[in-house]
Amino acid sequence: MTSPATSCQVSKKHVLLSEILAVTSVMRKNSRWASGAHTLTARDSALARDLGLRRSTPNTNIQKNGRLSQEADLMGGFQQLKRTIWDVDDIDALPLPALIGPFFALIRSPLSNGPITSAALSALHSFFVCNLISATSLSLELALVELSSTVSHCKFEASDSSGDEVVLLKIMTVIHDCIVTSSVGPFLGDVEICEMLETVLTTACQMRLSEILRRSAESTMVSIVRTIFGRLHTLNPTAEEARLLNEEEPQHGEISMSVSANVTDAGDSLQVSEELASSTQHNAVSLEDPERSAAPEVEGSSHALSPPRPYGLPALLELLRVLVNILDPNDQVHTDSTRLTALGILNASVETSGTVMSDYPSLSALILDPGCKYLFQLARSDNSLVLQAALRTITTVFQTMRKHLKLQQELYLAFSIDRLAAPPQLKPISSKKNNPTSPRPSTPATGTPILGPVDTELELDKGSPVPSRPPVQPARGDTRDLMLETLSQLCRHPSSMVDLYVNYDCDINCENLFERLIEFLTKVGRQAKLARLSLRLLAIQGVYPWQYSSASDAQHLHSQYLCLDLLLAFVDDMTARAEGRSEPWPSEFILPDSLIQDKSRKKLVLTGAARFNSKPKIGIAFLEENKLIYSDLSPEVSRTRSLAIFLKSCTRLDKRLLGDYISKPDNLELLKEFIGLFDFKDKPIADAMREMLETFRLPGESQQIARITETFASIYFASGPAEIKTEDAVYVLAYSVIMLNTDQHNPQIRKRMSIEDYQRNLRGVNDGTNFSPEFLQSVYDSIRKREIVMPEEHTGQLGFEYAWKELLTRSRQSGPFLMCNSALFDLDMFKTIWKPLISAIAYAFISFDDDYVIQRAISGFRQCATLAGHFHLPDVFDFVVVSLSQATSLLSENLPTQVPNYPVVEVEGQSVTVSSLSVKFGTNFKGQLAAVVLFNIVNGNGNALREGWTQIFEMFQNLFMHSLLPTRMLQMEDFLGGVTMIPLRGGQHSRPAPRSDGGLLSTLSSYLMTPYGASSEHLVPEATDTEVESTMCTIDCITSCRLDELYAQTIQLDSEALVAAIRALEALAHERTITKWKQESDELTTAFNTSSAGDGTFTLPYDPASVFLLETMVSITCQTSRYIEDLWPILFEHLSALLSASTHYSVLLIERAVVALLRLCLILAQKKTLRDQVYVSLDLIAGLPPIVANSVAEQIVAGVTLILQNRDIVSSQTEWNLVFAALRSTTSHPEAARSTFDLVLSFVTDGQSQWMTPDNFNGLITILDEFANSAGQSIMVPQKGRRVPSQPPPKRSIDIIYDMKRFIAPFADSAGLKTGQVWRQYCKQSTNPSRLVRHTAISQLQRLLLGPRFVYDENDHGQVEEIFNSIIFPLVDELLKPQVQQFDPQGISETRLRASALLCKAFMHFEVREDRTKSDIRILWIEILDLLDRLINAGKTEQLYEAVSESLKNVVLVMNAANILVPPSQEDQRDEHQRTLWTATQARLERFLPGFLTEVIPTPQLQIATIGATVYPTNRTANGLWEVAQVDHAPPR
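Figured I'd write up the structure that's included with this text. In this text, all values refer to a predicted model and were calculated from it rather than measured experimentally. (Residues numbered from 1 in each chain as written. Predicted model: local features only at pLDDT ≥ 70, side-chain atom pairs only at ≥ 80, totals over all residues. Heavy atoms only, no water.)

1. What to know about the overall build of the protein chain
Logical step 1: Across its full length, the protein chain holds 67 helices and six strands.
Logical step 2: Burial analysis of the protein chain (1533 residues in total) assigns 54% to the buried set.
Logical step 3: Considering only residue pairs separated by 6 or more positions, the protein chain has 77% of its internal contacts joining residues 24 or more positions apart.
Logical step 4: Of the roughly 66,700 Å² that the protein chain leaves accessible, carbon and sulfur atoms contribute 51%. (Helix = DSSP H or I, 4+ residues; strand = E, 2+ residues; numbered from the N terminus. Buried < 20%, exposed > 50% of the residue type's maximum accessible area, 1.4 Å probe, protein only. Contact = heavy atoms within 4.5 Å. Areas by Shrake-Rupley, 256 points an atom, 1.4 Å probe, with all protein chains shown as cover.)

Structure below.
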């Protein structure tokens, strides 16, 4: 419309005169009106009266023609108006009713026809446009009253239908001008507003009118409604509500509206107003006063009326009442078209009012009930237009009044989810039984199913029965899309999901709507696409019924998009809250902790109720265990009462089962307590019975019903009911109520009980008297008018009405709907739904090809990862990684151990390997997207990852096998060669059987390096340009993934994440080594039916991936030594498993395992708490089989050398023994042996590197013995004609051993070194097969025993005996063995000669002493003689005979000089010891040297004759030893 302020630039008088001319011109065109155009009867009469003249009586013909008189009056009105305005200059000075009164009269006149009425209405429109009718007009209020009555009661003769509809259209225009576009609208009263609205609304609902007129009226109505409901923002709610309550009878009529959808023919004369307003009053909707009368017409002078009050809440309330009542789907008067119109108008009114409507309790109450009730029923309409309009209105209502619609929203959302996610109905429900058809097409039937929520939580225990409820017809096709769009619109507010969780999931009496909604959205997102693939699969999945198979692909995709979009919107909102864009929790709300506790308690209650519904005893035990019952015990609350309180308050119990349980004989006390919880004070018995029977369902057994009735009678009678005299009377009356309820409302009973019958049946039961007729009448009427609906008994409209009543009852106690975009509950929400949420996002990412969906899914992955890190939920992060990794196609189920010969090409100066993976991955754009997203998420968020490391490293492994990893990740560190690349192929796949000859070392050493070579067994294929291009795409993608950065970030991980990463690596490595060997060996054993596979002969081929995993694991650990205590057990378990079965794996893998173990030992050495693990590791290395130890000897020596650089690492003899055991395993390898010898030499040699302790003394001698033994092992080599690699000189080893004698004395004094053990060490090499080693060892042993630094206790004869028994005697015995002689037949005689000399000299040194004359040396001496006898007879060489005889002669002479061996004399003064010794000596010598003793000692005088050597006893030394000067005979050459 054009604005009145700027539309008219001419005078108002001109406009008024022009409109008068226009109207009268139309009137004159009609012959009827033309005859009365010049009649001035009224004017002539006035003139005669003014002049005092008497006029004659008018023509009787004119008087008889009343119609002509009326026409003349109407025409005269305009003539009079013209004269009036010509006499004034400013028409604004005239009252407005006087200016427009003739127009009103013409419009109201039934004599008018369509064109005339149309002209009059056009004039009114011009008056509004030109501001003639304005807020400043005189008597505006009275004019508006008359205007309202005029347009509402417009009458004219019918002509043609199109012309008549033009009149109606202009009526709509005038009403629109009056209320909307002009400034006079606020001055209208409530009655006037209602009259105009009734006119427009009725026009919009007239089905016989044209579509364009009805749509125009509807548009006008919407525009008016937006205007009048906009006044709610300026009105005072309190004052308006008070005005509504105190409103007296209206001044101009009743504030009431009625709407008729049908009109009847009115014959030839069409009186539009009558038809619109009152012709169908018998069908009118008048919910407050059905018998109301039409508003009276305003006739006569408008000045008789007083101005009305400006319209306000009463008019708006009446309009809202009419609109809501039109929506009633059970009202057969109105059609779907009428409801569609009403829905549009209602939606406009709620949109305009906004949240302000909630400030007006009268309006809110109308929306809450019955507005929502009718809207929810229309949400089941089969008419798509009605459904769309109803859903739009529902959405608007929830958006504006959500705070007051908590339970209504719960009902609608649960109903929507039920329809959208209903299971398939394999058998259609018969409409005759459960779904009576509607009397109106496309209107929900009266048998509307209950729209209550289905609680999935009750199925926590499988098989637990839940309260039954009727199935909901699933939505199909466009209906489904429409409902899903509406659901999405309702839940798109940033706080929607939080609000659902707080208000419903945390309310024990409400359904878990948040969880159900997410479950529905995620299932649709994953399964909708399956509908296009397999109908059979759909039936299994149970998301879309089988009826949906006819739906198009576009519909399924649209559903998926909506669900995914809603899910991602939820994630986006939660992420925003996590970033700080949240609202503080209002202080007036329930405390968040209390809500979270309620949620936990709700979960327990649901579980307990489910178990109770399955088996009451189990349920009660669960409730007691979780303190849901019996926790409130007190003197006032017994156990039975506590249970009764729970059973009565829990709405999740099966009411049928509850009634059966409490009425059992064993539960009589429980029944009394249960019914005792009701307050029956001053309640009629019908209401009391209704209240009780709505909490449980009566069982079917008569005895149980009797028990319940008896208990009720007792408790009800105790409340003191009026007119009931005995408890028995209550019992009978209660039974009668049950029977009466069945009689009145059972559809199978045709003849109903009358009040007389009811009174007759109860005659005399009130203690022998009758109840009063009024009392029984009240009971009868209560039951007849309002059925006692037992739980779960009805499913149709009656059931819906009952459910709605329960909802209203609950809504008065549930409190307001809490709305706050708070982040306090995000953790609990996210923990509840993260798994299906991420699964749905992953499914969308994998399945959809739409770029927008993929982009949104990627964003969802990022946000879920962000939330996982924010909430410290590693499981969530792992799930994101797992989901994305599956989409990358970089995971390989069967990764081969042998890498094929892939072609290598040069691209831009870079060597590129064109592998199968690089080609396939390069063409998989979605996989590349997933990889980039995955690694970008993991980069910087490694601490949030746990199990997901397995997928990360599995992808690393796959990329490694195809040469796609960065160079830094392909290297392995070594003690010897620094950093080298991990080889992808090995030269040999099995280890040869070990051989006992020394030549194996050389052959094996050269063979062991073969894994570093490349195999050329297969031809290398050529790479095509397309494959190269795909490979370059793959390389670019891998570069974008920044794998090297992720690898570098692993050393910055926290302990928990790092342990998880190492465990993942170990698991992958274990699978490729230990597990694989066991599997293949078992397969081999089974195939050949033998156990040979497990005896060490089967070896796995070289697997580069296992080396890569091991190197990665160790490299990360070495760089994170701060967490070695946590990581060591994982690595050691794997390494020990490899090394314990080292012969089953490739050489390189075992070598890397040894290097890894030693590298870790270097770190362990720095940790005092883990130093013992160093020796466990060394013991493991020392136990390697010789062939394996030889292959890794150099690595062992290098590692041990680095470990021993820390002098604090070894502190006991046991530890040294383990170190030397590891070193001894390297002596068979030439290069390693030299390194080991150098290390030992550094310990012994004086200087800073010297490291000699009592603990390592024996160990050093032992290892030096090992080096000396190497000379003996080489004795056999010349016999085989082989060249022996250079070893450390054995003589040097013996010399070092002798040099170590200088440490014996200090170690014996300070550390208690056991010299006996040392002595044994020194005699080992005296029997070495090498002649040089033997002679050097005997010489050094002699120097040791006879030298001045030899430490022993002179007074302890046992030590002397130990020297002989442990050192000298075993040495001589060993030399006398035939196998020793075989090593060196020619040189063994000289060795024996040296041994005999050592034997004799040692005896003289230790035993032939002046202080030892009293010692009993007979046994020792005889043993010496036995050995000398064996030596002479063993070699049977002259040289040995002479040497032994000469040595023995010296001994005998010295013994004689020392007065030990004394010959008999004439004066035999010898003691018993001397006599026995001489006799034994003489007897023993006679065996192999007859006459020798007599020859050497002929007389008792001290004379010693020697042959070849002379011994001269000289002065005794201070310690009593003889100083003997001798000249040894040099042995013949």
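2. Details of the pairing of strand β2 (residues 910–913)
Logical step 1: As judged from the four bridges shared by strand β1 (residues 904–907) and β2, these two strands associate in the antiparallel manner. Paired with Glu906 across the strands is Ser911, a residue of β2.
Logical step 2: The loop that links β1 with its antiparallel partner β2 comprises two residues; one of these, Glu908, has a positive phi angle of about 55 degrees. (Pairing = 2+ DSSP bridges.)

3. Here's the deal with the environment of Val322
Logical step 1: Mapped onto the elements of the fold, Val322 is located in helix α15 (residues 313–326).
Logical step 2: Residue classification places Val322 among the buried positions, given a relative accessible area of 0%.

4. Some points on the packing of helix α2 (residues 12–29) against helix α7 (residues 96–108)
Logical step 1: It is at 11 Å that the axes of α2 and α7 come closest, and there the two elements cross at 25 degrees. One element, α2, and the other, α7, form an angle in the roughly parallel class. As for how α2 packs across α7, the hand of that crossing is left-handed. Together, Leu16, Glu19, Ile20, Val23 and Met27 of α2 and Leu99, Phe103 and Leu106 of α7 make up the contact between the two elements. (Axes fitted to C-alpha atoms, helices over the stretch in contact; angles between N-to-C directions. Parallel < 35°, antiparallel > 145°, perpendicular 65-115°, else oblique. Left-handed = near helix turned anticlockwise from the far one by under 90°.)

5. Thoughts on unusual backbone geometry
Logical step 1: The omega angle of the peptide bond from Asp369 to Pro370 is 15 degrees, so this bond is cis rather than trans.
Logical step 2: Mapped onto the secondary structure, Pro370 falls in helix α17 (residues 361–378).
Logical step 3: For Asp682, which is not glycine, the phi torsion reads 60 degrees and is therefore positive.
Logical step 4: The residue Asp682 is located in the loop between α29 (668–676) and α30 (685–693) in this model.
Logical step 5: Asp682 sits in the exposed class, given a relative accessible area of 68%.
Logical step 6: Despite not being glycine, His872 shows a phi value in the positive range, around 55 degrees.
Logical step 7: Summarising the element assignment, His872 is placed in the loop between α37 (851–871) and α38 (874–888).

6. Section: the pattern of salt bridges
Logical step 1: The full count for this structure, using the stated rule, is 42 salt bridges.
Logical step 2: In this structure, Asp418 engages Arg516 in a salt bridge whose closest nitrogen and oxygen atoms are separated by 2.8 Å. Here Asp418 is found in helix α19 (residues 406–420), whereas its partner Arg516 is found in helix α22 (residues 513–527), with 98 residues between them in sequence.
Logical step 3: Classification of Asp418 as buried rests on a relative accessible area of 8%.
Logical step 4: Residues joined by salt bridges that share partners form a network here, namely Glu211, Arg214, Arg215 and Glu218. (Salt bridge = Lys/Arg side-chain N within 4 Å of Asp/Glu carboxyl O.)

7. Digging into the side chain of His153
Logical step 1: Inspection of the secondary structure assignment puts His153 in the loop between α9 (140–152) and α10 (161–181).
Logical step 2: Here Ser149 takes part through its backbone oxygen, which lies 2.8 Å from a polar atom of the side chain of His153. (Polar contact = N/O pair within 3.5 Å; in protein donor to acceptor, adjacent residues only side chain to side chain.)

8. Let's talk about the nonpolar core
Logical step 1: Counting residues in hydrophobic clusters, the biggest one holds 378 residues, and the most contacted among them are Phe103, Met497, Ile952 and Phe1364.
Logical step 2: Examining the composition of this core, we find that 12 residues originate from one element, helix α49 (residues 1147–1164), more than from any other.
Logical step 3: For Met497, the contacting residues outside a window of four places in its chain are Cys491, Phe514, Leu517, Ile518, Leu521, Leu566, Phe570 and Met829.
Logical step 4: Residues Leu628, Phe646, Leu670 and Leu776 belong to the second largest nonpolar core, which totals 56 residues. (Core = buried A, V, L, I, M, F, W, Y, C linked by side-chain atoms within 4.5 Å.)

9. Digging into the packing of aromatic side chains
For any pair of aromatic rings, geometry is given as the distance between the ring centres together with the angle between the planes.
Logical step 1: Enumeration over the complete set of coordinates arrives at 38 aromatic pairs.
Logical step 2: When the ring of Phe674 is compared with that of Phe678, the centres are 6.1 Å apart and the planes differ by 65 degrees; the resulting orientation is edge-to-face.
Logical step 3: Taken together, a centroid distance of 5.6 Å and an interplanar angle of 45 degrees make the contact between Phe1364 and Phe1369 tilted. Phe1369 carries the same exposure label as Phe1364, and that label is buried.
Logical step 4: Members of the aromatic cluster, joined through ring pairs, are Tyr501, Phe514, Phe570, Trp585, Phe589 and Phe825.
Logical step 5: A cation over a ring is seen here: Arg639 above Tyr630, with NZ or CZ 3.9 Å from the ring centre. (Phe/Tyr/Trp six-rings, centres within 6.5 Å; stacked < 30°, edge-to-face > 60°. Lys NZ or Arg CZ within 6 Å of the ring centre and 35° of its normal.)

10. Quick notes on the environment of Tyr501
Logical step 1: When you line up the elements, Tyr501 lands in helix α21 (residues 496–505).
Logical step 2: For the pair Tyr501 and Glu515, spaced 14 residues apart in the sequence, the C-alpha separation amounts to 8.0 Å.
Logical step 3: In this view, Tyr501 contacts Cys506, Phe514, Lys599, Phe825, Asp828 and Met829; residues no more than four positions away in its chain are not counted.

11. Looking at the state of the cysteines
Logical step 1: Under the criterion given, the structure shown has zero disulfides.
Logical step 2: The cysteine Cys1033 is free of any disulfide, with Cys1037 supplying the nearest cysteine sulfur at 9.3 Å.
Logical step 3: A residue is classified by how much of its surface remains accessible, and Cys1033, at 27% relative accessible area, is partly exposed. (Disulfide = S-S within 2.5 Å.)

12. Points about the environment of Ile1338
Logical step 1: Tracing the sequence through the fold places Ile1338 in helix α60 (residues 1331–1346).
Logical step 2: For Ile1338, a relative accessible area of 2% gives the class buried.
Logical step 3: Residues Ile1338 and Thr1391 lie 53 residues apart in sequence; the distance between their C-alpha atoms is 8.2 Å.

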